[in-house]
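# Commentary on secondary and tertiary structure
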Amino acid sequence: KQEVTQIPAALSVPEGENLVLNCSFTDSAIYNLQWFRQDPGKGLTSLLLIQSSQREQTSGRLNASLDKSSGRSTLYIAASQPGDSATYLCAVRGPSGSARQLTFGSGTQLTVLP
Amino acid sequence: EAGVTQSPTHLIKTRGQQATLRCSPISGHTSVYWYQQALGLGLQFLLWYDEGEERNRGNFPPRFSGRQFPNYSSELNVNALELEDSALYLCASYLVGYEQYFGPGTRLTVT
């Protein structure tokens, strides 16, 4: 059974800092990995999607890497801003058949202080 | 293009009642996933529908059921509501080869 772990559970940084959020998964047989952002009481906003054959994806100040063999992904946020404050969730999707749903980590709650 | 929509936004029910939640996927998407986000438990997979059929379900009792209509919209039904069913229910739509897109969710409160 796939398990996804995110470290740290919470992170508080001053505005302008670069930061790294970590995600690990137990079964390397994944189809893809997604990073999401969730604001309090709201739905999920997809940030980056990395297919299993890819090593990284970039969007603006965000960069996500994937090391499938070691079961790890990182989300790098450059020059953090108070508007980046949210919970960041990592999720992996199984390769086929009944495992196609996303398995989520418990999230990292990020606070960027002005 | 419209995103995933869910209704209602909020739903308040009493223990023992039934709740019905609705989801409309992005046009062209044939798969709908349902997830539950209960306080302190994270996002848990509930049900997956594709082309009108239930393809997989998570570790939830049979009180949780649903269906997918010919237009690919979906309904989640929760019978005999219990207090611990209070949660944010998220629906996601999916097209093969792309990412899952999530709706804004339905907040279910059971009193």
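Above: the structure in question.
The paragraphs below set out a description of the structure included in this document. Keep in mind it's a predicted model, so treat the numbers as computed, not measured.

## With respect to the environment of Ser27(B)
Residue and element names in this part refer to chain B. Considering the arrangement of structural elements, one finds Ser-27 in the loop between strand E3 (19-24) and strand E4 (31-38). We classify Ser-27 as exposed; its relative accessible area is 64%. Counting along the chain gives 46 residues from Ser-27 to Ser-73, while the straight-line C-alpha distance between them is 9.7 Å.

## Description of the state of the cysteines
Residue and element names in this part refer to chain B. Under the defined criterion, the tally for this structure stands at two disulfides over all chains. A sulfur-sulfur distance of 1.7 Å marks the disulfide that ties Cys-23 to Cys-91. Residues Cys-23 and Cys-91 are joined by a disulfide whose S-S torsion is about -50 degrees; by sign, that bridge is left-handed. Residue Cys-23 is found in strand E3, and its partner Cys-91 is found in strand E9 (residues 87-94); the two are separated by 68 residues along the sequence. We classify Cys-23 as buried; its relative accessible area is 2%.

## Considerations on the pairing of E9(B)
All names here are of chain B. For E9, the tally of buried residues reaches eight of eight residues, placing the bulk of the element in the interior. Residues of E9 alternate between two faces, with Ala-87, Tyr-89, Cys-91 and Ser-93 on one and Leu-88, Leu-90, Ala-92 and Tyr-94 on the opposite face, all of them buried. In the sheet, E4 pairs with E9 via seven bridges, with the strands oriented antiparallel. By the bridge assignment for E9, Trp-34 is matched with Cys-91. With two bridges joining them, E9 and strand E10 (residues 101-102) adopt antiparallel strand pairing. Looking across to E10, one finds that Ala-92 is bridged to Phe-102. Connecting the antiparallel pair E9 and E10 is a turn made up of six residues, with Gly-97 showing a positive phi of about 90 degrees.

## Considerations on the environment of Arg55(B)
All names here are of chain B. Summarising the element assignment, Arg-55 is placed in strand E6 (residues 53-57). According to the relative accessible area criterion, Arg-55 is partly exposed, its value standing at 40%. As for Arg-55 and Tyr-35, which are separated by 20 residues in sequence, their C-alpha atoms are 14 Å apart. Each residue touching Arg-55, except ones within four places of it in the same chain, is listed here: Trp-48 and Asp-50.

Cut-offs used in this document
- Residues numbered from 1 in each chain as written.
- Chains lettered and ligands numbered in written order.
- Predicted model: local features only at pLDDT ≥ 70, side-chain atom pairs only at ≥ 80, totals over all residues.
- Heavy atoms only, no water.
- Helix = DSSP H or I, 4+ residues; strand = E, 2+ residues; numbered from the N terminus.
- Buried < 20%, exposed > 50% of the residue type's maximum accessible area, 1.4 Å probe, protein only.
- Disulfide = S-S within 2.5 Å.
- Pairing = 2+ DSSP bridges.
- Contact = heavy atoms within 4.5 Å.

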